[in-house]
Amino acid sequence: MRARWNTVLVVAAISWLAVSALANDHRPAVARIAGLSVVEVGAGTWKPLYRPTPTTSELHVAAFWLMDRPVTNMDFLAFVSSHATYRRGAVASVFADERYLSHWQGALVLGAAARPNQPVTQVSWFAATAFCEAHGMRLPTEAEWELAAAASPTRKDGRSEARFRKAILDWYTTPRSELPDVTHGEPNLYGVHDLHGVIWEWVEDFNNAVVMADSRNQGDTSGDRFCGGGSLLAQDTLDYAAFMRVAMRSSLEASYTGAILGFRCAADGGTATEKLP
Amino acid sequence: MIHRSAFFAVTALAAVACNSPVAQAPTAQPAGAAPAAKAAETDTGGSAKGDFGPPVGAPVEAQLTTAPEVPAATGRKQPAKVVVDLEVREVVLPISEGVQYTFWTFGGHVPGRFIRVRQGDTVEFHLKNHPDNKMPHNIDLHAVTGPGGGAASSFTAPGHASQFTFKALNRGLYVYHCATAPVGMHIANGMYGLILVEPPEGLPPVDHEYYVMQGDFYTVGKYREKGPQGFDMQKAIEENATYVLFNGSEASLVGDNALKAKVGETVRLFVGNGGPNLVSSFHVIGEVFDRVYTEAGTRYQENVQTTVIPSGGAAIVEFKVEVPGTYVMVDHSIFRAFNKGALGMLKVEGEARKDLYSGKEIDSVYLADKASPSGVVQQATAESAQGTLSKSAQIAAGQALFQGTCSACHQADGKGLPNVFPPLAGSDFLNADKARAIGMPLNGRTGPITVNGQTYNSVMPPMSQLNDDEIANIMTYVYNSWGNSGKQVSAAEVKALRASTQAERPQGAAH
């Protein structure tokens, strides 16, 4: 318990420093797109777990807008209310598996197992993509998501911070429990909440950087589909959290849904935004 | 790659060096030495002779068991189609008393459920990843002939199921494990088990078959540190195990969970090692393995004391139990047994066999390793036996024993060493609780204690070489020295405490 309190105090101290620093120098750009709150992330470079090509180790990511929190049950209820083809029971089976929105009480009723402000889960890639399109946005690419998620509360790349890495890893290694409401966690440097410690999130190109289903086939990158293989090709073999995200993404198909699999939307940097009230 | 080439080159040289004397040997031996010819006659042919054609009859549902139970023999004489249903669960279970760990399991326990098929069977494998799980998983069965051992074909997201089919071409006992990135972490969290591929004629009958699987675990907290404990990646990379366990918990094979047999019965253990890192030196204290199918291969070695089980490998050991009592299974890399949990028990009931094993016949004092015990110790022992032991004789004997056993740490003047070894002189900790004080040499003590306002965080090992008389005399000497409270400790008190605190001592600590 003593260690835990120390952690809380240190985190609180770091957060305060972050806020002071931001006030001087890097206040996140905040806006709305189709009523959803977004923040500006990037531009930046992202070093994927696996080299994108044999001669490059980093990808340039242009500045983009990213929702500052995951899409909620309430958001998604509004969407299916106006998009009947994505209601539970009506959605085509090629677009969503049989567990689609199965924790909702009804096709248009959340019920006790789905609080309005919890992240929506049990949604397929198709449904997530349709939601974002309906809001003038798209899913973030893997590179965009990872660039945003690399930021700790104090640094653009927090992956060298042992505490930040451990906090991420701890979530992956504890069993699933009831999902908190969104904006439950501290925002990161960009002002984005809940990238770690709550849910897995769909990305636009989830099956792009595919880890081989047998993750030990390091050398065998045959087939255009497989950009990378197993651990020997990895650029940072200590980043177990990145391994787990890549493994998780590559286990998915676009119709799959999961009890802790949700999403948030993104938009290109030039996208017109609404003025904040 | 340079390293790898160099390694192979060295290996090749070593092989040449080892082979050359053997190559010359036949000229020096009688012509009748025909082990090679005999081996050829009995060669099972491996996978080349493991296909007995398509499955016959209706598909069979495999009966899977949780360790230490083993499914019954298949009893089949023809190849069958066997359907295996295995569900992956991520669960929190005690790894030690009061210590919880998040295990990733094939079937809800560590090790995974035992699968038993017959050579030539066609196995239709269904891997189900429970919807409540966070991770994708898959399975690599070492019994599978095919790339990845089924791993790519069984890669499964939470809330989904995969199916693949293989023919069990090789007989033997095989490890299966998860092979999803990061592989080491999935294995370290308990994702392994055993599949037995029986030879076509089955295995010879025995009275008991049991399933034991070793694994090493890496927690953020120290060994037996209470509460929920997370996986420690750095310790795993350094191969610095916090726990080394049989069947996933310190409690799996001790007390009421001990394996059981009766005098005169035969026991077969299917022993696997999931790793992820450590090679096991598997040993049963007080038994000799009559037969060991080394590395779970086809041939057996006889009369083996300790067998090496590689990580990701297995062995089959068989023995007859002749003498009643408790037999302790250990990894004979022995600190793992007594300081990391690699310990299980086989309890054998039945009539004593004094002709085979007498039990303790004589318990006499032998003090060769202690500093000048003089006659006072033996005199005290003799007086104790006669019931005439005086307090002054106890103190004299205790002082001699103290100098030999205790003074190295606590110092001859009982003042200890600052910050390292707590003082016995004028010690509030000592004087406050007599039973607790007797428990120190008897059971040892690990972790922080406060003595006279100072905190000491160290380890005192149990002084298992001291008998009840000796501990009573040492404690009486200590209590009557250096301003302590003058209490007297009797051998009977030590004996009673030894009996009531048996659970606190590592079993078999005397080995």
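We now turn to the structure provided with this report. (Residues numbered from 1 in each chain as written. Chains lettered and ligands numbered in written order. Predicted model: local features only at pLDDT ≥ 70, side-chain atom pairs only at ≥ 80, totals over all residues. Heavy atoms only, no water.)

### Details of the overall build of chain B
When you go through chain B residue by residue, the secondary structure sums to twelve helices and 23 strands. When burial is assessed residue by residue, chain B has 48% of its 511 residues classed as buried. Considering only contacts in chain B between residues 6 or more positions apart, those separated by 24 or more positions represent 69%. Total accessible area computed for chain B in this model is approximately 23,500 Å², and 55% of it derives from carbon and sulfur atoms. (Helix = DSSP H or I, 4+ residues; strand = E, 2+ residues; numbered from the N terminus. Buried < 20%, exposed > 50% of the residue type's maximum accessible area, 1.4 Å probe, protein only. Contact = heavy atoms within 4.5 Å. Areas by Shrake-Rupley, 256 points an atom, 1.4 Å probe, with all protein chains shown as cover.)

### What about the overall build of chain A?
Broken down by element type, chain A carries six helices and eight strands. When its helices and strands are written in sequence order, chain A yields α-β-β-β-β-β-α-α-α-α-β-α-β-β. Every one of the 277 residues in chain A was classed for burial, and the buried ones make up 49%. Contacts in chain A between residues far apart in sequence, at least 24 positions, make up 72% of those at least 6 positions apart. Of the roughly 12,800 Å² of accessible surface on chain A, 55% is carried by carbon and sulfur atoms.

### Side note on the sheet that holds strand β16 (residues 289–293) of chain B
All names here are of chain B. In space, the six strands of this open sheet follow the order β12-β10-β14-β19-β16-β17, with mixed pairing throughout. Looking at strand neighbours, the two that pair on one side only are β12 (243–246) and β17 (301–304), the edges of this open sheet. Sheet twist, expressed as the average angle between the axes of neighbouring strands with direction ignored, equals 25°. With eight bridges joining them, strand β14 (residues 266–275) and strand β19 (residues 313–320) adopt antiparallel strand pairing. The residue bridging L269 from the neighbouring strand is V317, located in β19. (Pairing = 2+ DSSP bridges. Axes fitted to C-alpha atoms, helices over the stretch in contact; angles between N-to-C directions.)

### Digging into the sheet that holds strand β13 (residues 259–262) of chain B
Residues and elements named next belong to chain B. Judged by pairing direction, the sheet is mixed, and its five strands sit side by side in the order β13-β21-β20-β15-β18 without closing on themselves. At either end of the open sheet lies a strand with only one pairing partner, and these are β13 and β18 (306–309). Between one strand axis and the next, the sheet turns by 20° as a mean value, whatever way the strands run. Relative to strand β21 (residues 343–349), β13 runs parallel, the two being bridged by four bridges. Each residue of the ladder has a partner; that of L259, found in β21, is L346.

### A short note on the nonpolar core
Counting residues in each nonpolar core, the largest one holds 166 residues, and the members touching the most others are A:F76, A:Y100, A:F263, B:F125, B:L141, B:L269 and B:F282. Here this core gets eight residues from one element, more than from any other, and that element is helix α6 (residues 240–250) of chain A. Setting aside its immediate chain neighbours within four residues, B:L269 contacts B:Y210, B:L259, B:F282, B:A315, B:I316, B:V317, B:F319 and B:M329. Listed in part, the 24 residues of the second largest apolar core include B:A397, B:A400, B:A437 and B:I471. (Core = buried A, V, L, I, M, F, W, Y, C linked by side-chain atoms within 4.5 Å.)

### Section: the packing of aromatic side chains
Residue and element names in this part refer to chain A. Scanning the model with the defined rule gives 29 aromatic pairs over all chains in all. Where F79 meets Y86, the ring centres are 5.9 Å apart and the plane angle is 35°; that geometry is what we call tilted. Here F79 falls in the buried class, since its relative accessible area comes to 3%. Judged by relative accessible area, Y86 falls into the buried class, the value being 13%. (Phe/Tyr/Trp six-rings, centres within 6.5 Å; stacked < 30°, edge-to-face > 60°.)

### Some words on the side chain of B:T242
Residues and elements named next belong to chain B. Considering the arrangement of structural elements, one finds T242 in the loop between α4 (233–237) and β12. A polar contact of 2.9 Å, which involves the side chain of T242, links it to the backbone nitrogen of T219. Not counting residues up to four positions away in its chain, the partners in contact with T242 are F217, Y218, T219, G221, K222, Y223, K235 and K340. (Polar contact = N/O pair within 3.5 Å; in protein donor to acceptor, adjacent residues only side chain to side chain.)

### Observations regarding the interface of chain B and chain A
Counting residues at the interface gives 30 residues for chain B, matched by 28 residues for chain A. Summing both partners gives a buried area of about 2,700 Å² for chain B against chain A, and 67% of it is carried by carbon and sulfur. Its largest share of buried area at the contact with chain A, chain B owes to B:K134, B:F155 and B:M233, together 25% of the area lost on that side. Run the count over chain B and chain A and you get zero salt bridges. Joining chain B to chain A, the criterion identifies three residue pairs in polar contact (both at pLDDT 80 or more). Counting residues per element, the side of chain B that touches chain A draws most heavily on α4(B), which supplies three residues. Each residue belonging to the side of chain B that touches chain A can be placed in one class, and the counts come to 18 nonpolar, nine polar and three charged. (Buried area = accessible area lost by both parts, 1.4 Å probe. Salt bridge = Lys/Arg side-chain N within 4 Å of Asp/Glu carboxyl O. Nonpolar A, V, L, I, M, F, W, Y, C, P; charged D, E, K, R; others polar.)

### Regarding the state of the cysteines
Within the structure shown, the criterion is met by one disulfide over all chains. The disulfide bridge from A:C132 ends at A:C265, spanning 2.1 Å between sulfur atoms. One quick way to see it: the torsion about the S-S bond of A:C132 and A:C265 is about -85°, and its sign makes the bridge left-handed. Taken as a pair, A:C132 in helix α3 (residues 125–134) and A:C265 in the loop between β7 (261–262) and β8 (266–268) lie far apart in primary sequence, 133 residues in all. Taking the relative accessible area as the measure of exposure, A:C132 reaches 0% and is therefore buried. The buried category is assigned to A:C265, whose relative accessible area is 0%. As a non-bridged cysteine, B:C409 has B:C406 as the owner of its nearest cysteine sulfur, 8.9 Å distant. Residue classification places B:C409 among the partly exposed positions, given a relative accessible area of 31%. (Disulfide = S-S within 2.5 Å.)

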